[in-house]
Amino acid sequence: MLLAQSSVDVEGLVREDLARVLAIAIDLAGLAGTGVGGQPLGVMATPGIGSVHFGAAATWAKIIDFETQVANTNALLGSLAYVCDPSTRAKLKAAAKIGSTYPTFIWEKGSKPGEGEVNSYRAVASKQVAGSKMLFGNWADMVIADWIGMDVVVDPYTLADQHQIKVTINMLADVGVRHTGSFCASDDSAAQ
């Protein structure tokens with residue numbers, strides 16, 4: 001019915017939705033890819049990146065340790081930011097950085113809606129970060145390679161007897177870390 005009654009704008013809407021799904025998949029691969037079964041090796045699984053062990057609730061000292069480890073590899077430059085999952089963001093919003101009567105919290109309000117600031121750096125939350133892990137680094141050193149863009153094949157014949165169109169999407173992409181010292185990740189939950 002959509003095909004029979006819609007305008008040309010519907011094709012654009014569908015293409016936009018498909019592009020968004022692919023972008024989410026690349027984001028997940030870049031952050032948490034295992035490197036197994038054709039999946040790219042994400043930042044969290046890259047050997048040689050820094051590591052912070054919380055062991056308990058997040059503290060200001062542990063947050064500073066992320067920055068310190070990246071700085072010790074001469075990589076404290078570029079597009080620096082913290083990334084964590086929404087549960088960790090919630091814990092950091094309630095975790096005091098300084099004080100107890102009128103505390104300053106680890107996760108502070110950012111300059112853009114939906115973003116925050118941690119240790120004077122941009123901070124974002126994403127469900128793509130599994131296990132309540134936390135990452136900090138120069139995100140310009142996470143390279144995303146794309147060879148063919150979004151290849152869309154529209155097949156109006158295979159499912160024609162069901163009045164359907166088969167759409168197949170392919171993307172040839174990979175993710176890599178240019179400099180391992182540019183990143184540091186927690187090896188346990190930051191939302192304890």
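Residues numbered from 1 in each chain as written. Predicted model: local features only at pLDDT ≥ 70, side-chain atom pairs only at ≥ 80, totals over all residues. Heavy atoms only, no water.

Caption draft 1: The overall build of the protein chain, seen in detail. When its secondary structure is counted, the protein chain shows four helices and 13 strands. Computed over its C-alpha atoms, the radius of gyration of the protein chain comes to 21 Å, more than 25% above the 16 Å expected for a compact globule of 192 residues. Along the longest, intermediate and shortest principal axes, the C-alpha atoms of the protein chain span 65 × 35 × 25 Å. Across the 192 residues that make up the protein chain, the buried fraction comes to 33%. A total accessible area of about 11,100 Å² is found for the protein chain, and carbon and sulfur atoms account for 56% of it. (Helix = DSSP H or I, 4+ residues; strand = E, 2+ residues; numbered from the N terminus. Rg over C-alpha atoms; globule rule 2.2 N^0.38 Å. Buried < 20%, exposed > 50% of the residue type's maximum accessible area, 1.4 Å probe, protein only. Areas by Shrake-Rupley, 256 points an atom, 1.4 Å probe, with all protein chains shown as cover.)

Caption draft 2: Up close: the packing of aromatic side chains. Enumeration over the complete set of coordinates arrives at six aromatic pairs. A ring pair is formed by Tyr-82 and Tyr-121, whose centres lie 6.3 Å apart and whose planes are at 55°; its orientation type is tilted. Of this pair, Tyr-82 sits in strand E2 (residues 80–84) while Tyr-121 sits in strand E7 (residues 121–125), and the two are 39 residues apart along the sequence. Overall, the relative accessible area of 1% leaves Tyr-82 in the buried class. A ring pair is formed by Trp-139 and Phe-183, whose centres lie 5.0 Å apart and whose planes are at 70°; its orientation type is edge-to-face. With Trp-139 in the loop between strand E8 (134–138) and strand E9 (142–146) and Phe-183 in strand E13 (residues 183–186), this residue pair connects regions lying 44 residues apart in the sequence. Here Trp-139 and Phe-183 have matching classes, each one buried. Each member of the aromatic cluster is reached from another via a ring pair, and the members are Phe-54, Phe-66, Tyr-82, Tyr-121 and Phe-136. Between Lys-97 and the ring centre of Trp-60, over which it is positioned, the NZ or CZ distance is 4.7 Å. (Phe/Tyr/Trp six-rings, centres within 6.5 Å; stacked < 30°, edge-to-face > 60°. Lys NZ or Arg CZ within 6 Å of the ring centre and 35° of its normal.)

Caption draft 3: Layout of a nonpolar patch on the surface. On the surface, a cluster of nonpolar side chains totalling about 340 Å² of accessible area is made up of Trp-147, Ile-148 and Leu-172. Checked against the element boundaries, Leu-172 lands in the loop between strand E11 (166–170) and strand E12 (173–177). (Patch = residues over 30% accessible without salt bridge, like charges linked within 9 Å, V, L, I, M, F, W, Y side chains within 5 Å. Salt bridge = Lys/Arg side-chain N within 4 Å of Asp/Glu carboxyl O.)

Caption draft 4: Quick peek at the confidence of the model for the protein chain. Looking at the protein chain, pLDDT values average 90 and 96% of them are 70 or higher. Looking at the elements of the protein chain, mean pLDDT is at its lowest for helix H1 (residues 2–5), recorded as 63, and at its highest for E8, recorded as 97. (pLDDT = per-residue confidence, 0-100.)

Caption draft 5: Summary view of helix H3 (residues 60–71). With twelve residues, H3 should cover 16 Å at 1.5 Å per step; its first-to-last C-alpha distance of 17 Å lies within 8% of that length. Of the positions making up H3, those classed as buried are Ile-63, Phe-66, Glu-67 and Val-70. Angular distribution of buried residues about the axis of H3 spans 85°; they occupy a single face of the element. (Expected span 1.5 Å × (residues − 1). Arc of directions from axis to C-beta.)

Caption draft 6: Layout of helix H2 (residues 9–32). Its 24 residues place the ends of H2 35 Å apart at the C-alpha level, agreeing with the 34 Å of an ideal helix rising 1.5 Å per residue. Every buried residue belonging to H2 is among Val-10, Leu-22, Ile-26, Ala-29, Gly-30 and Leu-31, and all of these are buried.

Caption draft 7: Quick look at the sheet that holds strand E6 (residues 116–118). Sheet architecture is open: seven strands sit in the order E1-E13-E8-E2-E7-E6-E5, paired in mixed fashion. In the strand order of this sheet, the two ends are held by strand E1 (50–52) and strand E5 (107–109), each with one partner. Each adjacent strand pair in this sheet contributes to an overall mean axis angle of 30°, direction not counted. Here four bridges tie E2 to E7, and the two strands are oriented parallel to one another. Within E7, the position partnered with Val-83 by the bridge is Val-124. (Pairing = 2+ DSSP bridges. Axes fitted to C-alpha atoms, helices over the stretch in contact; angles between N-to-C directions.)

Caption draft 8: Inspection of the side chain of Lys-97 at higher detail. With respect to the helices and strands, the residue Lys-97 is situated in strand E3 (residues 96–98). Within the local environment of Lys-97, its side chain forms a polar contact with the side chain of Glu-108, the two groups lying 3.3 Å apart. (Polar contact = N/O pair within 3.5 Å; in protein donor to acceptor, adjacent residues only side chain to side chain.)

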